[in-house]
Amino acid sequence: MTDRKSIIRSVGSYLPARVVINDELAKTVDTSDEWIQQRTGIKQRHIAAEGENTSDLAAAAGRKAMENAGISVEDVDLIVVATTTPDMTFPATAAVVQQKLGMHHGAAFDIQAVCSGFVYAVATADSYLKNGLARRALVIGAETATRILDWNDRTTCVLFGDGAGAAVMELGKPGEDRGVLATSLRSDGRHWNKLYTDGGPSSTQSMGHIRMEGKEVFKHAVGMITDVVYKVLEDTGHSIEDLDWFVPHQANKRIIDGAGVKLGLPPEKVVVTVDRHANTSAASVPLALHTAVADGRIKRGDLVMIEAMGGGFTWGASLIRW
C-alpha cells in the first residue's frame, strides 16, 4: 500500500432540463411553497425526462468531470457509481455507464449506501488507488429519485430531485500534501425502517416507494453527522477552525443548519444547494462540490469536509485537501 494520497483531479455534474418549482407541486399535492420552504429550504428540483435513466445522468456527469480533468475514457480504469435508483436490478448501472462512455477495459460496479453513497464511493476508490488496484477512477453519484416517490405522500414527494455529480480521482505525487486525508464510515441497521422503500425484488417483486419517519431521521441526523466529522478531524489532527469548506448532504436546510451550529461552523463556510436541487440522494454531495468549484469558492489547497447520512442508517465523512 502506497503512502501517496488519492487526489480529486476534477469534478463535473449534470441536472435534467425540467425544473419543478414548489408552486407547481402545489397544484397536484396538498402543500404550498411556504410549507415546503419553511420545513426544508427547498424551492425547486430537477426531474428527469421520460426515457432519461440514471445511467444517462451519470454518464453526462462523468463526461463533464473527464473534460474538466483534460482526460479521456482511455485514461480511466475504474468506474464506481453510487446510486439507489439503478436502471435495472442488474447489471450494475456502472456497467451501463461504462458502455455509454465507450470504455471497454478496467472495472465498473455500483455502491448502495443511499444518500451516503458518494462518500462511500470516494472511500472505496481511495482504497483501490492506494492498493494499486486502479490507476484512475471515475466516481459518480447519480439518482432518479423522483421515480421512487409516492406523489400522494406530501411528506416525501416534495423532498427529492434528480441529478448526478462525478469526480476524477487519481494518486497524487509522493509527498504531495493534498488529496483524501481521512474517512470515517458508519452504519446502524437498527434504524432501517425509519427511511426505506416499501418494496424490492426479493420482498415484493416491485420497486416500492420511499417511506420516512421524518422526525426520527431529523433526531438522529445532526448527531450522526457531527460524530463522523469529529472522528475525521481527530484522525488528521485538524480542528473545525481549519476547515475552509463544509459540503454536507443536501437533504434539508434545517439539518444542515443544525449540524453547522453544533460544529461551530460559520454559515459562510457551508455549501448549500438544497434550495435548487432538493435531495438528490447519492448525487447531492458531488453536485454541491461541483457547484462550489465552478463558482470559484473551492480552490486548490482548501481543506474540504464532505459528509452524508442516509437510509440504513448509513453515514460518513471525508476530509480532503483540494
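Throughout this description, residue numbers start from 1 for each chain and increase along the sequence as written. Per-residue local features are limited, in this predicted model, to residues with pLDDT of at least 70; the limit for side-chain atom pairs, both in listing and counting, is 80 or more; totals at the level of whole chains, interfaces and linings are taken over all residues. In computing side-chain properties, one takes all heavy atoms of the structure into account and sets aside hydrogens as well as water.

**Q** Hey, could you run me through the environment of Thr314 in this one?
**A** Looking at where Thr314 falls in the secondary structure, it is placed in strand β13 (residues 314-321). Contact criterion: two residues are considered in contact whenever any of their non-hydrogen atoms come within 4.5 Å of each other. Among residues more than four places away in sequence, those in contact with Thr314 are Ala113, Ser116, Tyr120, Arg186, Ser187, Ala308 and Met309. Note on conventions: DSSP H or I runs of at least 4 residues are helices, E runs of at least 2 residues are strands, and numbering of each starts at the N terminus.

**Q** It is not clear to me how the pattern of salt bridges should be interpreted in this structure. Could you clarify?
**A** Pairing is possible between side chains that carry opposite charge, provided their charged atoms lie close to one another. In what follows, salt bridge is the name for a side-chain nitrogen of Lys or Arg lying within 4 Å of a carboxyl oxygen of Asp or Glu. The tally for this structure, following the rule as stated, stands at 19 salt bridges. The residue Asp275 makes a salt bridge to Arg276 at a minimum N-O spacing of 3.6 Å. Burial status follows relative accessibility: with a 1.4 Å probe on protein chains alone, a residue under 20% of its type maximum counts as buried, one over 50% as exposed, and anything between as partly exposed. Of the residues examined, Arg276 reaches a relative accessible area of 33% and is grouped as partly exposed. Three or more residues are tied together by salt bridges with common partners; here these are Asp150, Asp153, Asp198 and Arg211.

**Q** Where do I start with the environment of Arg45 in this structure?
**A** Structurally, the position occupied by Arg45 is in strand β3 (residues 44-47). In this structure Arg45 comes out as buried when scored by relative accessible area, which is 1%. Sequence-wise, Arg45 and Arg276 are 231 residues apart; in three dimensions their C-alpha atoms are separated by 6.0 Å. Reaching out from Arg45, the side chain makes a polar contact with the side chain of Asn22 at a distance of 2.9 Å. In protein, a polar contact means a hydrogen-donor-capable atom and an acceptor-capable atom, both N or O and within 3.5 Å, with residues adjacent in sequence counting only if both atoms are side-chain atoms; elsewhere, any N or O pair within 3.5 Å suffices. A polar side-chain atom of Arg45 sits 2.8 Å from the main-chain carbonyl oxygen of Val158.

**Q** So what exactly am I meant to see when it comes to the pairing of strand β7 (residues 162-171) here?
**A** A regular strand places its side chains so that they alternate between the two faces of the sheet. Most of β7 is tucked away, with nine of its 10 residues classed as buried. Paired strands are those between which DSSP finds at least two bridges. Sheet topology note: the strand β1 (residues 6-14)/β7 ladder contains eight bridges and is antiparallel. By the bridge assignment for β7, Ser13 is matched with Gly165. With nine bridges connecting them, strand β6 (residues 136-144) and β7 associate as antiparallel partners. Bridge pairing in β7 places Gly141 opposite Gly165.

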